[in-house]
Amino acid sequence: MAAAAAAAVGGPQPPQPEVSPQGPALDKAATAAHLKAALSRPDNRAGAEELQALLERVLNAERPLARAAGGEEAAGGGGPGEAEEDALEWCKCLLAGGGGYDEFCAAVRAYDPAALCGLVWTANFVAYRCRTCGISPCMSLCAECFHQGDHTGHDFNMFRSQAGGACDCGDSNVMRESGFCRRHQIKSSSNIPCVPKDLLMMSEFVLPRFIFCLIQYLREGYNEPAADTPSEKDLNKVLQLLEPQISFLEDLTKTGGAMRAVLTQVLTNQQSYKDLTAGLGENTCAKKSHEKYLIALKSSGLTYPEDKLVYGIQEPSAGTSTLAAQGFAGATGTLGQIDSSDEEDQDGSQGLGKRKRVKLSSGTKDQSIMDVLKHKSFLEELLFWTIKYEFPQKMVTFLLNMLPDQEYKVAFTKTFVQHYAFIMKTLKKSHESDTMSNRIVHISVQLFSNEELARQVTEECQLLDIMVTVLLYMMESCLIKSELQDEENSLHVVVNCGEALLKNNTYWPLVSDFINILSHQSVAKRFLEDHGLLVTWMNFVSFFQGMNLNKRELNEHVEFESQTYYAAFAAELEACAQPMWGLLSHCKVRETQEYTRNVVRYCLEALQDWFDAINFVDEPAPNQVTFHLPLHRYYAMFLSKAVKCQELDLDSLLPDQEMLMKLMIHPLQIQASLAEIHSNMWVRNGLQIKGQAMTYVQSHFCNSMIDPDIYLLQVCASRLDPDYFISSVFERFKVVDLLTMASQHHNMVLDVEHERSMLEGALTFLVILLSLRLHLGMSDDEILRAEMVAQLCMNDRTHSSLLDLIPENPNPKSGIIPGSYSFESVLSAVADFKAPVFEPGGSMQQGMYTPKAEVWDQEFDPVMVILRTVYRRDVQSAMDRYTAFLKQSGKFSGNPWPPYKKRTSLHPSYKGLMRLLHCKTLHIVLFTLLYKILMDHQNLSEHVLCMVLYLIELGLEDSAEDDSEEEVSMGGPERCHDSWFPGSNLVSNMRHFINYVRVRVPETAPELKRDSLASTSSDGLGSLQNSGTAQVFSLVAERRKKFQEIINRNNSEANQVVRPKTPSKWSAPGSAPQLTTAILEIKESILSLLIKLHHKLSGKQNSYYPPWLDDIEVLIQPEIPKYSHGDGITAVERILLKAAVQSRMNKRIIEEICRKVTPPVPPKKITTAEKKTLDKEERRQKARERQQKLLAEFASRQKSFMETAMDVDSPENDIPMEITTAEPQVSEAVYDCVICGQSGPSSEDRPTGLVVLLQASSVLGQCRDNVEPKKLPITEEEQIYPWDTCAAVHDVRLSLLQRYFKDSSCLLAVSIGWEGGVYVQTCGHTLHIDCHKSYMESLRNDQVLQGFSVDKGEFTCPLCRQFANSVLPCYPGSNVENNLWQRPSNKSTQDLIKEVEELQGRPGAFPVSISSETNLSKEMESVMKDIKNTTQKKYRDYSKTPGSPDNDFLFMYSVARTNLELELIHRGGSLCSGGASTAGKRSCLNQLFHVLALHMRLYTIDSEYNPWKKLTQLVEDMNSQVGNEDQQPEVPVLYHDVTSLLLIQILMMPQPLQKEHFTCIVKVLFTLLYTQALAALSVKGTEEDRSAWKHLGALKKVVSSLSSLSHQGRPVRRSGSQLRVCFLCELFCFAFEVLRFECKPSEC
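Caption draft 1: Up close: the overall build of the chain. Scanning the chain from terminus to terminus reveals 65 helices and 21 strands. Among the 1644 residues that make up the chain, the fraction classed as buried is 53%. The long-range fraction of contacts in the chain, counting pairs at least 24 apart against all pairs at least 6 apart in sequence, stands at 80%. Of the roughly 74,800 Å² of accessible surface on the chain, 51% is carried by carbon and sulfur atoms.

Right under this line is the structure:
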């Protein structure tokens, strides 16, 4: 044995024993046993030297891995694989000390003191998470530990791991001990035997050398990738060759805690690392390895510490590579340039250079965090190479398997934090960022979920500073200049959402780690206490402030729609909102008030810097909107938490009035832009802008976006001047010009068609602002209940969908957690469960929750529904369900209005919000709108009236009349609204009569009067000289005046700060051209208008009668159930009753008004369906008027050009060029494009198409004459043969005809398509062909995974998302065919027959021809190719001559036949009556017939073969059949399929087809059909039957003949004359409908 050891180390050889036949294996075991014995001696120096010499030879670094990877064979004959396997065998023998390796591992496992499971899994592993047992939200359990623990009744879920993880069973820092499994209960140290000293002695000597060898191999195998040649393949090859070594280490970690303790000592021992790396000596291989290590550091942008002498590197010498020396010296000098280049703007703009540098919490940490990296142990360098190799799975698993050892866990966490900046840099450069991100999170979630460990590294390693700094540096690499507000002079920078960093969510693992550590209270406390960190974080958040700016397209539609908004919303939610919710979860008690003050302070400073950077004063730039204001939302949510939970004074956290005015502008701009988007004002920006609007309010985002915005606006409204705020709202919504009492107005910033929807948006926003209480006093349970009721009222929901739709704070440790007991209890209180049911087809419908009856009666809140609806149809759905409940319960039988829901009480801090309801500006708006509605002004819908009444009722809800207010309001400077109402209280202003109003109107306005009047109000409050223009529009000037006054109070130098306003955007009232002042006589009050409105809505004179005159109790108990639900009449009655209850003066005035005789108001009742129809017709009429105007202008220009070019003097030549108005105007069909939203007719230059789905169908071919059910075959003998199907019958018929008759004639005698026929379906929506092409291009560029092939022309309808694959062009036509159809005809049948023959032979009669090469003809040709390509060639090529034109001719009219037959099936067997109602609405037969007719007109039928001549000639020319006797004859007319002939004759006629020609074709073909029926009866009847027909005419015989024919096994449609005659009658009648003709079945 001693000889073997000596031989192994190459020393003097003593006498050698005999060698066993087992050979080398015995030598390794014997050597290991010898070395273990030598090391066990008290003086083991010699044994240690022998072992080191052996390891030096076995783990020889002179066998570099790079050479092995290159395929070169190692010296000595064996391949590199053999050498590595031999080295591993040596290591195993040495660890076992000469014994068996498996026995050694089993012995080590017996001394496992670990109480943690620590099982590591990779992606897609099924694991468990128990919320009841978990302390950290990231806690997870393996399946074995979960099932062996007691989790009965717990809130747990099973999930598939996305990034990998590890089992936390046994870790009391992550989960409660009650959830531990039986195997990992806390063990007492007395139960664990001590590890024998000699068991792991060899491991302590062998493993350091083995790990160092692994590191050397990693050094040698890594080559820095060149710029143009990525080295992923090389890295993978190196990792593949190293897999046995890493797997060996991984197996060692599974032997238990004793071995992990040895590995921990080896990996963290700094002296061992220093001895092995410093002992370079003359070993050139080790020197080269160390040089590669230094080069790798330098290429990573890292600086090696200055202690160079430790590693024996002083000056470049013969033994030292100059490359290493240059790399080491240049590492420090080039790093700053690398990082600074990342921070520069991509487009090189100079604005970025002016941005002030972000200050970090410590001036010395910036460079060290990002640049300096010093390795002192194997663990640190091993992690460095793990990052360099982009986290190979094997290495990650090994590092994670060591985590149950607490000493290792602490050391590894510190090492991970040390390399955090390097991880970020590597992640940014990675080509596989998704995989690398998952593996980073796989590690970090195990480290940072432990609060105690997170706190320790935060204190010792500055974890928070590192994370915030790394995030800041990461985002600085993709900054661009902001274009918000002042594009030229802006100094603000934002992240570029088009960068891969944001599009691919590369930042996700770093943000996830930050969110994870902020969930720990001790860590979050340090963050909130560190002012420097807060400043840095606010600078980071400011990078997202104003990103993804949208600019409204005013001229042309965007060519390509950007999809960057996905990245923008995800970035704000993950990088800004989720950390915010994490911080808020620790600010719930009074003791944390200082934290909130710190955040609010630095958030306001960041906001002020942002306003300064974008040069903002008081007006936002027009036609711009960004949905991303994270600084505003941070400020809003911390304000809410301060008032709600910490009992802080709101005013102590608010800035001055000027700052409040600035804070409200951009959130208000978003609300106005939402209304603009829904009004189709942004339609040219494409569908993506609607996507942003919907995402902004979607359930996963609303808590972090729209809710904070609304709350911040509520705070601003509660502290700002209410008149200023109301004026700002209507100015932002661009409806100020509409708020005039004049009959005519001129809106300088808004088109007329958008005024109504924008006014609705402004009023709806005010109702939401004043009604919403989410952050103004509602508890968490009340919020949850309101959210749940709103979602259930829209639609019945499953439990899972309701969980997903209820908004939750992104951080699971804060707010309401779906799945909690609170959720279940609230759900059971508001909803009933409908059990799953089986549908007739066998599928099961899921169980649904539906609102309880009392919820509909008392809790249905339409305001909450409007706030939470992503699609507008959900609001209508809620109202339809509410209507159904009222009718079913008998509470109201008409069409109800949205019910008024009494609001919860406001928190005292927000009482100022109600001042909006008691300001003169709002009262003027309400008065004006009521007056305009009463006078039937345009652009005022029922929704406007509903919102006006809702605002009045809100003002009456908690209003207490103050008689002294009127006198108080008279003080101070008089403003324009002082001439309208004397005070600010709504209750008193409701009874105030306004006699006259001065308005600005055009000189042609009908109400223009020049009378000189004394005053503008009934009580003489001022004269015309000092009352001003008593109109809301002038309040814009008042608002600016108010803003200027506030600035002057806050800043004595305001005149230098405030920029002069440009008059181009919002003009003053007097600047409107050609306007003059008029005095309008009104003599109304709000109360009188409401009473007259009641008369108008009811359609009855003096319809309102005060209810208290009959029952005085209503004044004592005004909450009467009969007023809870109803329509507009009920709402008016409820308001008048509340007004009377709150003021005796109002009660008296209401009674006086009702006593007067009021003129009757004509009723105007319009149902919802009629309203939609009128709106649509109005849009179409406007489109026609615009088109006529353009045509007239074009004709005028054309005439002018002709006069100039041809010098025509005669006026007679001008007549053809003029468009005369004497002829009746021809209305064209108008189509709505669902992409661009424009309406107009289809033209040859810009055709409109119908969204269609082309499918090959064999349904018709499966029809059978036999009605007996078929059995499913279970044996070969029972196999079904389709001899009796429709397809088989027609195939046999065509084959039979082709056997005896001429092939081309056969193809005109029948129809095909029974199998493989093309069926054309449509959803009914239309779009421009050019819009469709742009839409398809955007789908091709879309990176989102789609369920269809865009390259094959497949897409989904942009409106209804129904699957489609083509667009059917709409023929540009007018209603002239109706006139042709109504035209009377006195022509004889002979004349009509000749006309039909002539028209069929006339070429080019179709208005559009392929030769003209218009856009329409190209698209018709294209769709015809699509139709042909839909089915297989064998289903459209039946000719004996391949490629024959007869094939195309047959295929085209057969497509028409296929669609007619399938339409017959859809309509329940009748073409003219009955059937499904949707079939007619969604039919595309009209457009399909035009396409088919166009292409069939390109073919001509020879006159001698034309079946029309043969059908109509009185005497047949026998010579036509005489010819070559060898040539096959044509198919006789009696054998022709009459339905096919009808389609051929119709499609060959010029379009539009006249009624007289159609009637002629029907008569001729009906004669043929009748003849065929008689012939069939005669041939198939018996001799007795024929005799009865000929002589007796007995009715019974005929009946028996018909009944016998029905059982002869023929197809249904060919079984008898009566069946065929009936079908053709139906088909003829349906042809009228297809061709827009009216027809009665009796005419056939």
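Caption draft 2: Spotlight on the sheet that holds strand 17 (residues 1248-1257). Sheet architecture is open: three strands sit in the order 18-17-21, paired in antiparallel fashion. Across the chains shown, the open sheet's two edge strands, defined by having one partner strand only, are strand 18 (1317-1328) and strand 21 (1366-1369). Going from strand to strand, the sheet's axes swing by 40 degrees on average, the running direction of each strand aside. Sheet topology note: the strand 17/strand 18 ladder contains nine bridges and is antiparallel. The partner of alanine 1256 across the bridge, within strand 18, is valine 1318. Those strands touched by helix 53 (residues 1329-1341) are strand 17, strand 18 and strand 21, and its axis lies near 100 degrees from that of strand 18. The strands that helix 56 (residues 1415-1430) touches are strand 17, strand 18 and strand 21; relative to strand 21, the one it contacts most, it runs at about 130 degrees.

Caption draft 3: Summary view of the packing of helix 61 (residues 1538-1547) against helix 62 (residues 1555-1580). Viewed as axis vectors pointing N to C, helix 61 and helix 62 meet at an angle of 165 degrees, and their least axial separation amounts to 10 Å. With respect to helix 62, the axis of helix 61 lies roughly antiparallel. Considering how the two elements wind past one another, helix 61 and helix 62 form a crossing that is right-handed. Facing helix 61, whose interface residues are Val1538, Leu1541, Leu1542, Gln1545 and Ile1546, helix 62 presents Phe1558, Ile1561, Leu1565, Leu1568, Leu1569 and Gln1572. Classifying every residue of the contact of helix 61 with helix 62 gives nine nonpolar, two polar and no charged.

Caption draft 4: Looking closely at the side chain of serine 519. Within the element layout of this structure, serine 519 appears in the loop between helix 23 (508-518) and helix 24 (521-529). Judged by its relative accessible area of 4%, serine 519 is buried. A distance of 2.5 Å separates a polar side-chain atom of serine 519 from the backbone oxygen of asparagine 516.

Caption draft 5: Just the pattern of salt bridges, in detail. Evaluation of the coordinates by the stated rule reveals 44 salt bridges. Measuring nitrogen to oxygen at the nearest pair gives 2.9 Å for the salt bridge that ties arginine 455 to glutamate 459. Of this pair, arginine 455 and glutamate 459 both sit in helix 20 (residues 451-461), four residues apart, which is roughly one turn of the helix. Given the relative accessible area of 39%, glutamate 459 is considered partly exposed. Here glutamate 658 ties to lysine 662 by a salt bridge, and the two come within 3.8 Å at their closest N and O atoms. Here lysine 662 and glutamate 658 lie together in helix 29 (residues 657-678), a separation of four residues that amounts to about one turn. Note on glutamate 658: relative accessible area 14%, which makes it buried. The buried category is assigned to lysine 662, whose relative accessible area is 9%. Connected through salt bridges with shared partners, the residues Glu250, Lys254 and Lys394 form a single ionic network.

Caption draft 6: Quick look at the packing of aromatic side chains. In this structure the tally under the stated criterion is 42 aromatic pairs. A centroid spacing of 6.4 Å and a plane angle of 50 degrees characterise the contact between phenylalanine 412 and phenylalanine 416, whose relative ring orientation is tilted. Taken together, the residues phenylalanine 412 and phenylalanine 416, both in helix 17 (residues 406-418) and four residues apart, mark about one turn of the helix. Neither phenylalanine 412 nor phenylalanine 416 differs from the other in exposure class; each is buried. In textbook terms, an aromatic cluster arises when at least three aromatic residues are bridged by ring pairs, as seen for Tyr565, Tyr566, Phe569, Phe627, Tyr696 and Phe701. The aromatic ring of tyrosine 293 is capped on one face by arginine 219, whose charged end is 4.8 Å from the ring centroid.

Caption draft 7: Fine view of the environment of tyrosine 217. You can see tyrosine 217 is positioned in helix 8 (residues 201-221). Overall, tyrosine 217 belongs to the buried group, its relative accessible area being 4%. When the C-alpha atoms of tyrosine 217 and serine 289 are compared, they prove to be 8.6 Å apart, with 72 residues separating the residues in sequence.

Caption draft 8: Geometry of the side chain of asparagine 1459. For asparagine 1459, the location among the structural elements is in helix 57 (residues 1445-1466). Within the structure, the side chain of asparagine 1459 is placed 3.1 Å from the backbone oxygen of valine 1318, a separation counted as a polar contact. The contacts of asparagine 1459, once residues within four sequence positions are left out, are Val1318, Tyr1319, Val1320, Leu1485 and Leu1488.

Caption draft 9: Spatial organisation of a nonpolar patch on the surface. Residues Tyr1570, Leu1574 and Trp1589 make up a contiguous nonpolar surface patch of about 330 Å² in total accessible area. Within the secondary structure, tyrosine 1570 is located in helix 62.

Caption draft 10: Seen up close, the packing of helix 40 (residues 920-934) against helix 41 (residues 942-957). Following both chains from N to C, one finds helix 40 and helix 41 inclined at 140 degrees, their axes separated by 10 Å at the closest point. Accordingly, the angle class assigned to the pair helix 40 and helix 41 is oblique. Read as a crossing pair, helix 40 and helix 41 show a hand that is left-handed. Contact with helix 40, carried on its side by Leu922, Leu926, Leu929, Leu930 and Ile933, involves Val944, Leu945, Val948, Leu949, Leu951 and Ile952 of helix 41 and no other residues of that element.

Caption draft 11: The arrangement of unusual backbone geometry in detail. Positive phi, normally seen in glycine, also occurs at phenylalanine 391, with a value near 55 degrees. Here phenylalanine 391 shows up in the loop between helix 15 (378-388) and helix 16 (393-401). Assessed through its relative accessible area of 0%, phenylalanine 391 is described here as buried. For glutamine 485, which is not a glycine, the phi torsion comes out positive at approximately 70 degrees. The topology assignment puts glutamine 485 in the loop between strand 5 (479-481) and strand 6 (493-495).

Caption draft 12: Spatial organisation of the environment of phenylalanine 527. By the secondary structure assignment, phenylalanine 527 is in helix 24. Exposure remark for phenylalanine 527: the relative accessible area of 0% places this residue in the buried category. Separated by 10 residues in sequence, phenylalanine 527 and tryptophan 537 place their C-alpha atoms 9.8 Å apart. In contact with phenylalanine 527, not counting residues within four places along its chain, are Leu464, Val468, Phe514, Leu518, Leu533, Leu534, Trp537 and Leu583.

Caption draft 13: Structural view of the environment of alanine 742. Here alanine 742 is to be found in the loop between helix 32 (722-732) and helix 33 (752-771). For the pair alanine 742 and isoleucine 1079, spaced 337 residues apart in the sequence, the C-alpha separation amounts to 9.7 Å.

Caption draft 14: Representation of helix 49 (residues 1144-1155) in the model. Given a rise of 1.5 Å per residue, 12 residues ought to cover 16 Å, and the 17 Å separating the end C-alpha atoms of helix 49 matches this to within 8%. The inward-facing, buried residues of helix 49 abut helix 43 (986-989), helix 47 (1086-1098) and helix 48 (1128-1142). Put simply, serine 1143 is the residue that caps the front of helix 49, since its side-chain oxygen is 3.3 Å from the backbone nitrogen of methionine 1145.

How each quantity is defined
- Residues numbered from 1 in each chain as written.
- Predicted model: local features only at pLDDT ≥ 70, side-chain atom pairs only at ≥ 80, totals over all residues.
- Heavy atoms only, no water.
- Helix = DSSP H or I, 4+ residues; strand = E, 2+ residues; numbered from the N terminus.
- Buried < 20%, exposed > 50% of the residue type's maximum accessible area, 1.4 Å probe, protein only.
- Contact = heavy atoms within 4.5 Å.
- Areas by Shrake-Rupley, 256 points an atom, 1.4 Å probe, with all protein chains shown as cover.
- Pairing = 2+ DSSP bridges.
- Axes fitted to C-alpha atoms, helices over the stretch in contact; angles between N-to-C directions.
- Parallel < 35°, antiparallel > 145°, perpendicular 65-115°, else oblique.
- Left-handed = near helix turned anticlockwise from the far one by under 90°.
- Nonpolar A, V, L, I, M, F, W, Y, C, P; charged D, E, K, R; others polar.
- Polar contact = N/O pair within 3.5 Å; in protein donor to acceptor, adjacent residues only side chain to side chain.
- Salt bridge = Lys/Arg side-chain N within 4 Å of Asp/Glu carboxyl O.
- Phe/Tyr/Trp six-rings, centres within 6.5 Å; stacked < 30°, edge-to-face > 60°.
- Lys NZ or Arg CZ within 6 Å of the ring centre and 35° of its normal.
- Patch = residues over 30% accessible without salt bridge, like charges linked within 9 Å, V, L, I, M, F, W, Y side chains within 5 Å.
- Expected span 1.5 Å × (residues − 1).

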